[in-house]
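Residues per chain, in single letters:
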Amino acid sequence: MIVILHPDTDKNSEAYHALLAHLGRLPGIQHRVHEEVGAQQTLTEIYLIGDTASIDASQIQSFAAVERVVRVSHQYRILGRHKDDNRPSHFVYNGVTFGQDYFHMVAGLCAVDTREHVELMMRALKENGQVCTRMGAYKPRTNPYSFQGHGKSCLPYVFELGGKYGMKVIAMEVTHEDHIDEIHEALEQAGSPTGVMLQIGTRNAQNFELLKSVGRQKTYPVLLKRGFGITLEESLNAAEYLASAGNRNVIFCLRGMKTNLGDPHRNVVDFAHVPVVKRLTRMPVCVDPSHSVGARSASPDGLLDIMHASVQGVIAGANMVLVDFHPEPTKALVDGPQALLVEELPWFLEDVRIAREAYEKRLNLIQRFRLAGTLREVGSG
Ligand code: PEP
Ligand code: MN
């Protein structure tokens, strides 16, 4: 059960104390206060944990501090989409709004290799009106002898160039909690010219201690990759770990599932799950066609498999595409074979725009049929 308080409820007010005292007296029920400090207002939600079935919601509702009470109908308490739950499904970070009704492209280097490549990439993004990018500094590699990423040594120039080229958000994987501090320090030293979205990779989707550490900080939003060998439910619980530790600004990224049945693709593309995640949770959903497909193969129509997969995700309502590009893929230190070329960026963006428009047309279409009253209401199970 979630008790949503009126915006800007004063924690020292009598109304607040009266409510907390009541909640404290509920037998066998624990409560956890979650505060969301926004630019305009502070929102407070109180999560009641335990056997809440017997709690009288209308009694809680009658407290002056309470705006409304939401009964949590299934799992994913914080990020889930519950009955009569009209809490927002978006958040703003560094001036960019991420949400289930928004769309962003996050193109960039899988791994930072040289300053020159970072600059070529960011310049192309700026020329094409982009404000988000991906830049991997800490790389989780299967082989211990493979390049592990430049780590904190590349952060000063990545952030400086991010500022120079107007990047508002840089998606960057962290594999250890220390990396959060390293990123934070480097950003501050650079004068915070850009923002960072902390990425948790597929291999760490069940690294619960890392999830808790990343979830405890509220400065940076989180891009969580689906675990490649676990169920969707397990991956959504990973997202809930982040939220239950305190950070609910989470974007969930589909990136393909590991199985040889996807051959010749690197993973089997799972973008049919875009609407499923949007239905079960309030998280914006990202797709990563690069790590799903894993190669620059083209079909006879001339389009790359990575482009086909991207638009499949977008036409199904994805809110973000995370995609690998490189100015010189043969020189890339990680995942060169799946990188799109920087000169392909305008083509890729236009191709994806067509798919987004098609998705929006599909939304208009269902509206039209609904208004005409010719559709039966279908369940959302
Ligand atoms: C990545 O995006 O760089 C990455 C390593 O992806 P994943 O965790 O999905 O393999
Ligand atoms: Mn990669």
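Residues numbered from 1 in each chain as written. Chains lettered and ligands numbered in written order. Predicted model: local features only at pLDDT ≥ 70, side-chain atom pairs only at ≥ 80, totals over all residues. Heavy atoms only, no water.

1. Brief notes about the overall build of the protein chain
Within the protein chain one finds 11 helices and 15 strands. Taken over C-alpha atoms, the radius of gyration comes to 22 Å for the protein chain, in line with the 21 Å a tight globule of 381 residues would show. Each of the three principal axes of the protein chain carries a C-alpha extent, and together these read 65 × 55 × 35 Å. In the protein chain, the share of contacts with a sequence separation of at least 24, taken over all contacts with a separation of at least 6, comes to 70%. Per element, the accessible surface of the protein chain, about 17600 Å² overall, is 51% carbon and sulfur. Each charge class in the protein chain can be summarised by its mean position, and for the 40 positive and 43 negative side chains these summaries are 4 Å apart. (Helix = DSSP H or I, 4+ residues; strand = E, 2+ residues; numbered from the N terminus. Rg over C-alpha atoms; globule rule 2.2 N^0.38 Å. Contact = heavy atoms within 4.5 Å. Areas by Shrake-Rupley, 256 points an atom, 1.4 Å probe, with all protein chains shown as cover. Lys, Arg positive; Asp, Glu negative; His and termini not counted. Charge placed at Lys NZ, Arg CZ, Asp CG, Glu CD.)

2. A closer look at the state of the cysteines
Evaluated as defined, the whole model comprises zero disulfides. Among the cysteines around Cys154, which has no disulfide bond, Cys110 carries the closest sulfur, lying 13 Å off. The class for Cys154 is buried, based on a relative accessible area of 1%. Unpaired in this structure, Cys253 has its nearest cysteine sulfur neighbour in Cys286, at a distance of 3.6 Å. Owing to a relative accessible area of 0%, Cys253 belongs among the buried residues under this scheme. (Disulfide = S-S within 2.5 Å. Buried < 20%, exposed > 50% of the residue type's maximum accessible area, 1.4 Å probe, protein only.)

3. A closer look at the site of ligand 1
The full set of residues close to ligand 1 is Cys110, Arg134, Lys139, Glu173, Gln199, Gly201, Thr202, Arg203, Lys225, Arg255 and His291. Between Arg203 and ligand 1, the recorded distance is 3.0 Å, taken from a side-chain N or O atom to an oxygen atom. Within the side chain of Lys225, one N or O atom sits 2.7 Å away from an oxygen atom of ligand 1. Across the complex, the protein chains shield 97% of the 290 Å² of accessible surface that ligand 1 would expose by itself. A per-class count over the shell around ligand 1 returns one nonpolar, four polar and six charged. (Near = heavy atom within 4 Å. Polar contact = N/O pair within 3.5 Å; in protein donor to acceptor, adjacent residues only side chain to side chain. Nonpolar A, V, L, I, M, F, W, Y, C, P; charged D, E, K, R; others polar.)

4. Remarks on a negative patch on the surface
A contiguous patch of negative charge on the surface is contributed by Glu177, Asp178, Asp181, Glu185 and Glu188. Note on placement: Glu188 falls in helix α5 (residues 178-189). Here Glu188 falls in the exposed class, since its relative accessible area comes to 54%. (Patch = residues over 30% accessible without salt bridge, like charges linked within 9 Å, V, L, I, M, F, W, Y side chains within 5 Å. Salt bridge = Lys/Arg side-chain N within 4 Å of Asp/Glu carboxyl O.)

5. Structural notes on the packing of helix α6 (residues 208-216) against helix α7 (residues 232-245)
Between α6 and α7, the shortest axis-to-axis distance is 7 Å and the interhelical angle comes to 40°. Considered as vectors, α6 and α7 are oriented oblique to each other. The two elements α6 and α7 meet at a crossing, and its hand is right-handed. Packed against α6, whose contacting residues are Phe208, Leu211, Lys212, Val214, Gly215 and Arg216, the element α7 presents Ala238, Tyr241, Leu242 and Ala245 at the interface. Within the contact of α6 with α7, the residues separate by chemical class into seven nonpolar, one polar and two charged. (Axes fitted to C-alpha atoms, helices over the stretch in contact; angles between N-to-C directions. Parallel < 35°, antiparallel > 145°, perpendicular 65-115°, else oblique. Left-handed = near helix turned anticlockwise from the far one by under 90°.)

6. Thoughts on the coordination of the manganese ion (ligand 2)
Within the protein, the manganese ion (ligand 2) binds to Cys110 (SG), His291 (NE2) and Asp335 (OD); these donor distances fall in the range 1.9 to 2.3 Å. Going along the chain, you hit the donors of the manganese ion (ligand 2) in the pattern C-x180-H-x43-D. Highlighted residues: Cys110 in the loop between β7 (104-109) and α3 (115-127) and Asp335 in the loop between β14 (320-326) and β15 (340-341), separated in sequence by 225 residues. The same class applies to Cys110 as to Asp335, namely buried. (Donors = N, O, S within 2.8 Å, 3.2 Å for Na, K, Ca; no water.)

7. Topic: the nonpolar core
Counting 92 residues, the largest nonpolar core has Phe98, Met135, Val158, Phe159 and Met172 as the members making the most contacts within it. Broken down by element, this core gets its largest block of residues, six residues, from α7. Each of two domains, domain 1 (2-71) and domain 2 (92-366), supplies a minimum of three residues to this core. The contacts of Phe98, once residues within four sequence positions are left out, are Ser89, His90, Phe91, Tyr93, His104, Cys132, Val169, Met197, Ile251, Pro284 and Met320. (Core = buried A, V, L, I, M, F, W, Y, C linked by side-chain atoms within 4.5 Å. Domains from an automatic or database assignment.)

8. Things to note about the pattern of salt bridges
Here the idea is simple: oppositely charged side chains can pair when their charged atoms come close. Scanning the model with the defined rule gives 19 salt bridges in all. Close ionic contact of Arg296 with Glu344 constitutes a salt bridge, the shortest N to O distance being 2.9 Å. Placement of the pair is Arg296 in the loop between α9 (289-293) and α10 (305-315) and Glu344 in the loop between β15 and α11 (345-371), with a sequence separation of 48 residues. Residue Arg296 is classed as partly exposed on the basis of its relative accessible area, which comes to 29%. Judged by its relative accessible area of 12%, Glu344 is buried. Of the charged contacts, one joins Arg356 and Glu360 as a salt bridge, the two residues approaching to 3.2 Å between their closest N and O atoms. In this pair, Arg356 and Glu360 both sit in helix α11, four residues apart, roughly one turn of the helix. Under the relative-accessibility criterion, Glu360 is labelled partly exposed at 36%. Among the charged side chains, a network of salt bridges with common partners joins Glu36, Glu45, Asp85, Arg87, Arg248 and Arg282.

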